Every structure is written in C-alpha cells, then in structure tokens.
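# Chain and residue survey
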Protein chains: 2
Amino acid sequence: MSVEKLAAKPPPKVSHRGRTAAPIASSNADSEEVLEFEPFGLMPRGPLPLNEFLDITNVDMLRGKNDVNKPQHNSQMYANDSLIVRRGQEFQIKVTFDRPYKPTKDQFAVEFVIGGSPQFNKGTYIPVFVTKDRQSTWGGRMVDSTDSVVTVGITPAADCIVGKWRIYVAVMTPYGIRRTKSDESREVYILFNPWVAADSVFLDDYNERLECVLNEEGVIYHGAFDDISERPWNFGQFDYGVLDACLFILDKAAMPITNRGDPVKVTRIASAMMNSRDDDGVLVGNWGGDYTYGVAPTAWTGSTEILLQYASSKMPVCYAQCWVYAAVFNTFLRCLGIPGRIVTNFFSAHDNNGDLRTDIILDGNGKIDKIRTKDSIWNYHCWNESYMSRPDLPPGFGGWQVVDATPQETSDGMYRCGPASVQAIKHGHICFPFDARFVFAEVNSDVVFHSRNRDGTLTVVKVNTSHVGRLVLTKAPGRDARRDITDNYKFPEGSPEERTVLEKAEEYGSEHEKFTPPKGDVELEILLVEVRLGDSFELKLEFKNTSDQARTVNMYISGNVVFYTGVTSSEFLFANHEVTLNALTARTEVIKVPSKDYMRKLVEQANLHFIATGKVKENGQIVSAMRVIPLHIPRLSLEVSGLAKVSEKMLVIVKFTNSFKFNLEDVFLRVEGPGVMPPTIKHYSMITAGSSLTWTETFYPRRAGQTRLMASLDCRALRQVYGQVDLTVEP
Amino acid sequence: MSVEKLAAKPPPKVSHRGRTAAPIASSNADSEEVLEFEPFGLMPRGPLPLNEFLDITNVDMLRGKNDVNKPQHNSQMYANDSLIVRRGQEFQIKVTFDRPYKPTKDQFAVEFVIGGSPQFNKGTYIPVFVTKDRQSTWGGRMVDSTDSVVTVGITPAADCIVGKWRIYVAVMTPYGIRRTKSDESREVYILFNPWVAADSVFLDDYNERLECVLNEEGVIYHGAFDDISERPWNFGQFDYGVLDACLFILDKAAMPITNRGDPVKVTRIASAMMNSRDDDGVLVGNWGGDYTYGVAPTAWTGSTEILLQYASSKMPVCYAQCWVYAAVFNTFLRCLGIPGRIVTNFFSAHDNNGDLRTDIILDGNGKIDKIRTKDSIWNYHCWNESYMSRPDLPPGFGGWQVVDATPQETSDGMYRCGPASVQAIKHGHICFPFDARFVFAEVNSDVVFHSRNRDGTLTVVKVNTSHVGRLVLTKAPGRDARRDITDNYKFPEGSPEERTVLEKAEEYGSEHEKFTPPKGDVELEILLVEVRLGDSFELKLEFKNTSDQARTVNMYISGNVVFYTGVTSSEFLFANHEVTLNALTARTEVIKVPSKDYMRKLVEQANLHFIATGKVKENGQIVSAMRVIPLHIPRLSLEVSGLAKVSEKMLVIVKFTNSFKFNLEDVFLRVEGPGVMPPTIKHYSMITAGSSLTWTETFYPRRAGQTRLMASLDCRALRQVYGQVDLTVEP
C-alpha cells in the first residue's frame, strides 16, 4: 500500500465544517437582509391588528453638506453622498411616522447592522433606543418631536466598529418587530474620531489633527540629509471612491469585522495589505529599474489612481517603492480617521532583522570589498506614523506609532511592520509588539568597518555610531515646512541618555559591536557640493592631520551610481591617491567628475555615492568618509488661468524644457489636485534635446478653499521631475 | 490614456536588484564550492613551491557509533551516517597529513561553512585554529599529535547556526590557502544542545531532558478532563531522513541561515510551517469528516511517514487536526535538539482573537439558541511547549514557551502562534511577544450565558469562570503517566493571585465580563457516566434546591454529537422536563439514551455533548450544566513474538474484533515502532459485523533497548482505535 498514492490528488478546498460553528464575518460588503416583520412566537389567527402601531413613512439621514451632521463631523469634504460620521460623537436622523409619536405608548429603535450574520454580542448589531429606561451600548435621545416627525440623536460608542453600517428603524408591536426596508440611502459610514477624547485615536493638538486627518496635500522628503529634496503628493482621501477602496482593503484581507474598531489591529492589517507580498495587497514593489508593465514609482502624483485601480481590478497595482507605500498608507489612515503622517529617515539601516550592525568589509589595503559587503544602508526610507493609545501595552507607550508597508526581508517572513511605539523605540523598550526592535535598528545601527585578513577572518577597524538614523523628518502641520522629529526617536548622539537606551536594548538581545577605536590622528571629510543633473563638478576631500608628524595616506576613492536603497548600480569613478600631509595641517584634494562619466550610468533616483577609504602608512590607521550627492533635477513649471470658482472652467499649463543633450523618449506627464482635478495623464513619444513642451489641460474645481495642482514627468532617462502650483477656489 | 491598460499584463517576477546588494542566504541545501587553492595576490612565475608545506591525505570525522563523538553528544540514535554533534560542546576529528605536523612552522585551520555565500561576519564561515595566538569564535585545540596524524578538538559556539555544515581543512602557505576537496562524508550536523549551560535551550533537569529530547514514544491526551483517553505516538525523530526533513522545512520557509541559531526564531518559523496555510507547510488541516483524498487525522500513528512524504513530495500532507500538528511539531523540536513536549488543554477557548469571553445565547425560555451561538469551546486542544531562554524579553520569562501549529482564525491573519512564555501567561503579562494574549484567553476565558430579549438585545444571566482551561496535561518524564501542569498556566481558581492576574491582563485591554450573578438557590449537575461506543446508557441530572421553598424548573436537555472542536454536528436528543423540587432537597432525573439514537449520527471523535439549561419559575434564575461524555472505543490487541534482538526477525500480531452490529468498510490499519519497525499499512475492504481480523507483520529491530509498537485502525464508521505493545530489544 503506497503512502504516496494516497496523497497524489490535490486536497479538496477545506471548509470551516467541524472547525468553527460558523464562518467568521470578515467582509463589510456582505449583508444579510433583516426581516421586515419579525414575529414573537405564536401569532393570532387572521390579519394582525398592526394599524394601531406606528408605521414609518420616511427616514431622513440629514446627509446633505449643509445639514447638521457632516460639518459637525468634519466629513463634508468626502465626495460621497452617504452620511459619514465619526464615532463617539452625536449625529441626528429624522424619522417620519404615519401619525404623531406618543412617547408613553410607542416603542421604536434605530438598528445598526454591519457585515454578514450581525450579532448583538459581537457588536455588529446595535439597537438604539430613545427612551431612558432602555440601556444601549450607543447613546440615543429624542432631540425633537414635532407632530409625526421625530429627530433622534445617536452617539455611536467611541470604540465601535469602523465601516459602512446599514440602518433600520424598528417598531415594537406585541406581535413582533416591524422594520423599514433596507435602503442604500440609509447607509452610514462610521469613522475613527480624533476629535473625541474617548476614542483611542484622540489627538489633542488642533493643528496636528487638521494636518494629519484632513490635509490632502503632502510633501515627502528624500535625497540626502544635508541636501533634501521634496516630492508633492495628492493623498486624495476625500476623492470619490477612495473611502470604499479603503474598506475594500480590509475586506480583501478578510479581517474579522469585530476587530475593525481597534486601530492597533486595523493598522497592522493595513501594513501587510499595502504591499502585494503574501496577500495580493495594493502595491507591487519594484526597485529594478524596469517598469515596462506598470507605472514607474517616480511617476505617481497621488494615491487616488492607485486605490481606485486596486478596488476595481482587485489585483495589485504596479509599481511602488517606499514613498509610494507610505503615501498610499497615509491616505488609508486619514481616510478612515486615524491621524497619520509620513516620515523620512535619512540613512536607514535595512533588511537586517533588527541587528544593530551594518557591515562594510575592506580588503587588506583599506579598499571596499564589494563582493563581500552584502549589507546596505538606504539613503533614506519613508514610513508612516499613526496616532493612537496602546491599551495592549503598559502605560506610557501610546501616541505616535510606526507602521511601515514597504516589504522587508525579515526573519519573521511576513511583509508587515508595526504599529511600534515611537516612545518605546526612543527608550529602548524593544520587547514590545509590534516590531519595535526592527525600527530601533533602522535608526540606531552602527556601521562597522572590517578589515579582511588573508585567512578569511575579519578584524573590526572602525565603527561609525552616528551615520544611521541621521535625521528623521516629517511635514510641519499647517505649512509647507520641514519638521525635525529625530529627537522623538532617539536621545542626542553622545548623551548619557543615549548610552542608557542602547544598554537597555542590549538587555533585549540587540547587541552593539564592542569596539574601542585605535587613536587616529588623520581625519577625512568629503565636502558637500550641490550638483545639477548633467553638470560636471569637482569633488573635494578635506584631510586634517592633527599629529605633530607628517602622515602619508594611501587613498582609494570610489564614485558609484546608487539606488536610494544604497545598493550600487555601477561604479563610474575609481581613483587611487597618495596624499602626504605635513604635521598639524589640513589639505584639500580635488577630483574632477565630468558629467559624461556618470550620466550614461544613471539609475532612476540620480544619487551619486562617494566612498573614500585608506590607510595611514605610518601607523596603519584606517580613514574613511562617505558622501551621498543627490543630483538636482529640473522642475516642471505649472500655471493656472481662469476664474478660480467652484464648477467654473479653468486651465492648467504645464511647461518643461529638455535642456539636456539627449532626447527624452516615451514620456509620461501626470497632473492632479485635491478637490480640483482628478489624475490626468499625457504621453509624449519624444521630447528632443533642447526643445520645450507646453501641455494645457482643462479642469473644473469641485470644492472651495486652498488647494494645489501637482505634476510629474517621467521617462526612462529622466525621473523625479515634479512641479506644483497653489490656488484658492472661491465658493 | 487608460490607467487600466498599463496594469493589464501580469507583473514580471521581481528580483532583488536595486533592493538589496545580494539575495539573502536562506537555504541549507545551497552550497558553494570553496576554492581548492585560494591565492594571495600576485603569484611567482612557474610551478609553486608548495611541497614544503603540509598536504592533507585524510580527514576522519570519527562519526561511527562507537567513536568518541556521537555517544558524548547523545546523537548515536539518529539513523544517519554523518557526524551529528551538539553546539557548545567539544567534538573531535582526526586529520592525517603527508608528513609529521610541526607546530612551530605549519599553520592550518578547520573551516566550517553553511549555506550559499558563506561569510565570516554573518557566522556562516568559521575558520577554527588550533594555535593559541589565533582567536576563533569557536574553540579549537590540539588534542593529540602523533607523527602525521593530529586529533583536533572543536567546540562550536553555543549560539552558532544549527544545520548541516561542510568542513574543509585549510593549510596556509605564503602563496595562498590550500584546501581539502568538498566531500559529503565530511558534513556535520550541528544541533541545539540542552546539555550545555551556555546554550539558550539548556534544560537543567536530567529526566526532563531525556524525555523531551531523546524519547521517541509519546502519549497524547484527549477526551474529557474527567474521562481522559490516550493516543500513542511514534515521534520518530531519529528515523532515517527525519533530520533532513526538519532542515528542509526551514529551507522551504526560506528562513535566513543566519537566524537559525536562535530557538525563538526557529520555533516561530516552525509554528507557521507545520500547517499548510500561507506557506505550503507540512500538514493540511481538515475537520470536515471527509478524508477521501488523504489520511484521516485519526489514522496516523507517528510523524515519520508525514515528514518523509513532505520532504520527498515538497507538497503539504493530508490531513491533520490539532494533535497531529502538535505531534509532528514535537518531532521537529526534539530532532533539532530543542526540548519539546505536547500539552493538552481541556476546554480550550478558541478562534476568538484573545477575547476573554465565549458567548452562549439562550432564548427567552433558557434554551440554547443554536443559530445565534457562534462561539465554540474545544473539548480539548493540543499544543507544544519548547524550552528556551528569552533574551528578547525582560528577565524572568524564559523556560517553557507555548508554540502552536494548529491554524487559528486570528485577526493577525497569520497561521502561527508563539513562542509565548508560560510564565508570562501565568502572571498576566500578555503584552509580550509572541501571542501570549491568545494563549492566555485559551486557558482563562469566561463562558458567558446571555438571554436574548425580544428586541434582539442580550442580557447576561450567568458567567462560568472555571469551565475554560479546566486541566492542562502533559506526559510525565520517564514514565507513561499524566502530569497535571495546570498550575504552570494559572493560579488556583478563586485565589487572590488569580484575581490579581486577571486584573493585570485587563490593563492590557483583555477585559472580563463584569457580572454579579443574581443569588441562585437551585444547582444542577450532569453526572459523569462512562459509556462504551455502541452502548445505551442513562444520563443523570442532579438538582439541588438550597432554598427553604419549593422550586419548579423548566428544563431543556439537548444531546449532541460534537466534533472535538465543540462544534455541533447533529442533535440526537432533545427533551423538555418540568422538575419540581421540594425545599432543601436534592433530586436526580434520569434520561435514557438508546445507542441507536447517537450511533447513526456519530462523527469521528465520538464525543457526546449534553447541555441542560432552564429557568426557575419562582425567581427567574437560569440554571445550566454541560457535560462531555467521550465514548470509549474498543482497542487493538498487539502481541510480538520471536527473539527480541537487533536484526533478528520478529512478528507482530494485531487483532481486532468488530463487536458492532454494522460492517466496517475500507479499513486501514497502521503499525510502527521507534527503532524497530517503519510505518506499515494494511487495507481491508470489509470487516463484517461480529467478525475478527488477525494481521501478522514481520519486522527486524534496528536498535537495542526499550521500545514499543503502536497501531491504529481507521475507517469512516469507526476512528481512533489504537493499541500498543512494549518490548525490549537485546543488542
């Protein structure tokens, strides 16, 4: 009897039978019709004498933009006709009966239902009563009763399930319950509420709340910590279809409905779902440079296009790199009412499982051994912070939480990260879920230089403890300015608190390299230089000899085109210098870098990375310096014309000049703006060297107020060309 | 320009290019040839004058069963010709050179390499030197040097990577390194070492170490807490091919090689890989009763067959339920040297995301509402404990850790659980990773009875705080006896410590139902009765009236055939009794249960579940009682005959009588025994009612010592028929 034979056929689809009493409700899109008449036990014969009881002739959700609910709940910006409210805060509906309501005699309830198989004890079926003698988990009160019209005030519990609820009005009769028919116009979206203290996403700062929940215009920082570039982004959380797309993401994850009131669980699921790994999530990552079958990560200008495409195709969207993940995740957070922001960590340790070490291997002469150096430090990495209390942790770790949707190659094998308490990271309490250890390493790792011996062993020659996590930035609330939040993540370099925190983290098994550097007397720095893409420039190496003797340094200088992940694409410069330094002097070496050397090797993010390492002849000291030089990219020019008024025709004119000596082929331009213009794309098969383009596009503002148009230009030879223009739309 | 069009084609396979400098080594099966001669820089012209340096003529791994290594490393039982040692403890190899070794002049190293792209700084390339002036991460010493033969003692670091290493002997010459050729006979498996204090899996108890690492014979408890049944199991961790299968599981998970020294990470990965969900892991779960395309979970007698089939087919094996997951996981743990044991938790709360509540809904009359009651309590659930320190947690949470491979339907969406510190669970520190909250709920949930009101709301009427986690059992070390380890998981019911722990857990957001029960005066118990499968029996309900007035109880008694998951398959008994109780009296009601009522509705695990609920007329008190009655199954009889000596022919005779009134069709018998007999299967198309079978099978003991043969009989109409016989094999 062969064992193999038994297992030859594919297994049948496994059902929940025998395993659970019923499948777990995990889709907001599911709905079960509620009975229009639900009888109590035995019924009298003949027609029921129901006409003495209330009948409902109309239910008005007061869902207009000028009705009471939306402005009070900060939800009037959503391009969505349904009622949208925030939990823990009262909203009103108007019920019209067939005759005047008699409080002493008539009994009715407003019932809220979400998902399939709604149940009272699961919090998916909530009847709300207006009479004082009935306890409800949600607040209910009679606001007004005039003739046959009653206005009911309803306060959803501050920890209720977030999503799309259906509403029924139910009248109790002695024979049973009489209900309104199901009706799409009576659906209500209930969101998280950062305005209410009882909600676990409550954010007590007025300006931050406006920025991190209601602002659709984003700025994402990249480049180098001392030469920062910016990308505009349209989060579009209020755009038509985006709210439904965000709920679809949770359905696609089959997240149990009952968990959808907990921001810890919602953000954790979302961090897994933003990337396509494991779970057919929203975005496919691609760092390879070939984006033929999708949109280049650098080409996107906003989240709307991505989310709508995902919700309609139900398939992952191509392609993303870290800032695209972070931007779409930010839309998700703000759309559901969880305060969210994007942060950029300059020099981010990566893919290392929470080790506090990035290894760089030098050969016997002090030159980097590229084959054996497998770790990389990302020039920058973007992730999200979301604001919430953490009842699952001891007190003190609520507030901003890191969530990261960029798929990491971790041992846990799961492409998700967080929520990890920023406070826990700062204080080294890295044992707390979720993934605090990993984020701690991203901002605190050491760069360890090893020298390789002949027999294959390595000797530590230098440790740089301040390179990684050099600067953490986010956009300031209410204005287009950078805000340095490095000190949210760590104590100042070299402070006694910093030392204590690193020791605390070591208690949890994250060990730093113990290394006392030999006392060196030669210092080296590569000076910053601002370079426009296509320009030749001079690289300056500043040497200082602090000893009272002459020193000779045998230097290797390597210039590489690198991805923003720090991975080298190709080397365009390699030089070997012997530098002689007199006692107690400084000296600057200049290396010319012609544009043709790097231009033909460029990859999309256009960062040049220089490493200089060498050995002092007299004492064997290893000197080294690194410098990322971002190439400044030309910008798009944007102008608007026309009367800036809601529903009036306007024009945007996008201009670009190809000032390079090469043609740009297969060029995509994108423009969009929150509340004014949906994502719009234009394709040019060629922009010849030296020529200019002018693209004029019509739009009709949908909403009054301050807003912005953001545009990008993208082609294989030139990426990251952005531009923007602000405008104020009159009502 | 259509957005959809851009995404229409499937995305190309995403490479690591641009993302990481090199793919992460994640397969033990990968190997890279090491150079036989690795030159140092420039070479002299002409043939190298290498003959003055050592050449290696032989490397003896001392891997025989009677050589020094295996007995000292407790690895002689593995049916594997390679050297198998445990880390943190010295083993020896013998190197023969072409001429006598000169300590002052000759320099050589024993190099250890694992996985692809071995690297010194990643711990995947380890050169070991015997001279004192060279520091090694692993210990090396010259044990003996006689003429041209040297015996080298090597002590792998106590935290080194666990898996299959390759060994090279390398001789240093001024021109380069000369190495032995790669050779399969020089592979060495390095395992975890619970015998050594420096290893994080060190277990200080001699008897527990023998049981939880070296014992292949297991007993798995099931049934009911007060009527416990046993299953024998052959873990087979030393069987031919099992060690390689366990390493294959980690390769299949693409677990980075560098993490494979950490038992926390290894067990977490394994808990995900034991089930097929997400990752094509080892076993497909099936609770549905239809096992046509695989082996019924009840039919397996050991882990070997499952692991070998998985490693050869590389496809999940059908089918498992909780004890199969736990048993195969236990084999994995013991095989790699991590102390492991199986525990059974009687009345295990499940599938509830760490909520401390299981809801049972009664209608207005006190009868269970089966449609609305969606939660279930598993009659029992099996998981594993593994022993290790937890450097990732604050001090005090090392020791036994819960790991559970049965796929749960949790919000985290990942089918894995643990390691969760048993100590943390006992003390309510449920914020610590991994999944302590979930296991805490499995042993501490309340059973909350709700009464459903006419308008759909629910009122709590009774809370049972002692039902769940009633008893936690494991096998005692060194003997076939049960060991009650409930107090490892929780303080005694009703103790002040228990109260404190539940409050502690509430601080982390796991709230208990707050409920003060109305003072009741009627008590009800369903008495235990032992029933053989196929017998009619009497169910006894004992009522006690502690009041000084008469009481009338309107009772509903429901008898159900249930899966061990507590999910009802079908109801075979429903009775409605009115019971009148005089003041201060007890009274027993008897209900007859004819065998034909339940026999035709049986599902595989043959548990009958009775629930009695009712309402006291006089005061509205809800009384309720539950009882699981496991049906006792006939056993297989096993006898052995022949001379019990290694390699001598022996016979096992398996006998079974079908004492039922029905035929058994399509019957599978299995028998196996550690070190004596591989899994052997026999098929009978029919065993008619009343008939007997005798199956005689030959076997040749492979190994001396105490051992056991275990057998099962399985068919659709009758499952869980087990039998065993002990024997002692002489050398």
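Residues numbered from 1 in each chain as written. Chains lettered and ligands numbered in written order. Predicted model: local features only at pLDDT ≥ 70, side-chain atom pairs only at ≥ 80, totals over all residues. Heavy atoms only, no water.

## What about the UniProt feature "binding site: Ca(2+)" (unreviewed entry) in chain A?
Residue and element names in this part refer to chain A. Following the UniProt record, one finds the feature "binding site: Ca(2+)" (unreviewed entry) at N444, D446, E493 and E498. The named residues occupy 55 residues along the chain; their greatest pairwise C-alpha distance, 13.4 Å, places them in one compact cluster. Structurally, E493 can be placed in the loop between α10 (486-489) and α11 (496-507). According to the relative accessible area criterion, E493 is partly exposed, its value standing at 41%. Dropping the residues within four chain positions of it, E493 is found in contact with T465, S466 and E498. Looking at E493, its side chain comes within polar contact range of the side chain of T465, at 3.2 Å. For E498, the position within the fold is in helix α11. If we skip the residues at most four places from it in the chain, E498 touches F491, P492 and E493. (UniProt positions renumbered as here; feature names shortened; annotations may be inferred. Helix = DSSP H or I, 4+ residues; strand = E, 2+ residues; numbered from the N terminus. Buried < 20%, exposed > 50% of the residue type's maximum accessible area, 1.4 Å probe, protein only. Contact = heavy atoms within 4.5 Å. Polar contact = N/O pair within 3.5 Å; in protein donor to acceptor, adjacent residues only side chain to side chain.)

## Thoughts on the relation of the copies chain A and chain B
If you rotate chain A by 180 degrees and push it 0.0 Å along the axis, it lands on chain B with an RMSD of 0.1 Å. Viewed as a symmetry operation, the transformation between the two copies matches a two-fold axis. In this assembly, 100% of the residues forming the interface of chain A have copies in chain B that are likewise at the interface, indicating an isologous arrangement. (Least-squares fit on C-alpha atoms with pLDDT ≥ 70 in both.)

## Topic: the pattern of salt bridges
All told, the structure shown has 69 salt bridges over all chains when counted by the stated rule. The residue R702(A) makes a salt bridge to D239(A) at a minimum N-O spacing of 3.7 Å. Taken as a pair, R702(A) in the loop between β37 (692-699) and β38 (705-715) and D239(A) in the loop between β13 (227-234) and α4 (242-252) lie far apart in primary sequence, 463 residues in all. Assessed through its relative accessible area of 37%, R702(A) is described here as partly exposed. Residue E385(A) is joined to R341(A) by a salt bridge in which the shortest nitrogen-to-oxygen separation is 2.8 Å. Of this pair, E385(A) sits in strand β18 (residues 377-388) while R341(A) sits in strand β16 (residues 340-349), placing them 44 residues apart in sequence. Comparing E385(A) with R341(A) shows no difference in burial state: the two are buried. Here the residues in one salt-bridge network are E211(B), E217(B), K475(B), D480(B), R708(B) and D726(B), joined through shared partners. (Salt bridge = Lys/Arg side-chain N within 4 Å of Asp/Glu carboxyl O.)

## So, the sheet that holds strand β33 (residues 637-642) of chain A
All names here are of chain A. Here we have three strands laid out as an open sheet, ordered β33-β34-β37, and antiparallel in their pairing. The open sheet has two edge strands with one neighbour each: β33 and β37. Put simply, the sheet's adjacent strands are angled 20 degrees from each other on average, direction ignored. With eight bridges connecting them, strand β34 (residues 650-657) and β37 associate as antiparallel partners. Residue M650 lies in a different strand from β37, and its bridge partner there is F699. (Pairing = 2+ DSSP bridges. Axes fitted to C-alpha atoms, helices over the stretch in contact; angles between N-to-C directions.)

## Considering the interface of chain A and chain B
Chain A puts 91 residues into the contact, and the matching count from chain B is 91 residues. Here chain A and chain B share an interface that buries about 7900 Å² over both sides, 56% of which is from carbon and sulfur atoms. Three residues stand out in chain A for area buried against chain B, namely R19(A), Y293(A) and K374(A), and they jointly supply 10% of the buried area on that side. Where chain A packs against chain B, one counts two salt bridges. Taking the shortest distance from any N to any O, the salt bridge between R452(B) and E38(A) comes out at 3.7 Å. For the pair chain A and chain B, the number of links is six residue pairs in polar contact (both at pLDDT 80 or more). Classifying every residue of the side of chain A that touches chain B by side-chain character gives 44 nonpolar, 21 polar and 26 charged. (Buried area = accessible area lost by both parts, 1.4 Å probe. Nonpolar A, V, L, I, M, F, W, Y, C, P; charged D, E, K, R; others polar.)

## Side note on the packing of helix α5 (residues 263-273) of chain A against helix α7 (residues 322-336) of chain A
Residue and element names in this part refer to chain A. For the pair α5 and α7, interaxial distance at closest approach is 11 Å and the crossing angle is 155 degrees. The angle between α5 and α7 falls in the class roughly antiparallel. Where α5 crosses over α7, the handedness of that crossing is right-handed. Contacts from V266, T267, A270 and S271 of α5 reach α7 at F329, F332, L333 and L336. (Parallel < 35°, antiparallel > 145°, perpendicular 65-115°, else oblique. Left-handed = near helix turned anticlockwise from the far one by under 90°.)

## Some words on the nonpolar core
One recurring pattern in soluble globular proteins: nonpolar side chains tend to sit buried together. Counting residues in each nonpolar core, the largest one holds 74 residues, and the members touching the most others are M274(A), L283(A), W323(A), V324(A), F332(A) and L336(A). Considering every element that reaches this core, the biggest residue donor is α7(A), with twelve residues. The next biggest cluster of nonpolar side chains, apart from the first, holds 73 residues, and it includes A270(B), F329(B), M388(B) and V403(B). (Core = buried A, V, L, I, M, F, W, Y, C linked by side-chain atoms within 4.5 Å.)

## Focus on the confidence of the model for chain A
All names here are of chain A. The predicted model of chain A averages 89 in pLDDT, with 94% of residues at 70 or higher. Within the model, pLDDT remains below 50 along residues 1-12, and this stretch shows 21 contacts once partners closer than five positions in the same chain are excluded. Under the prediction, the complex receives an ipTM of 0.86, its pTM being 0.90. (pLDDT = per-residue confidence, 0-100.)

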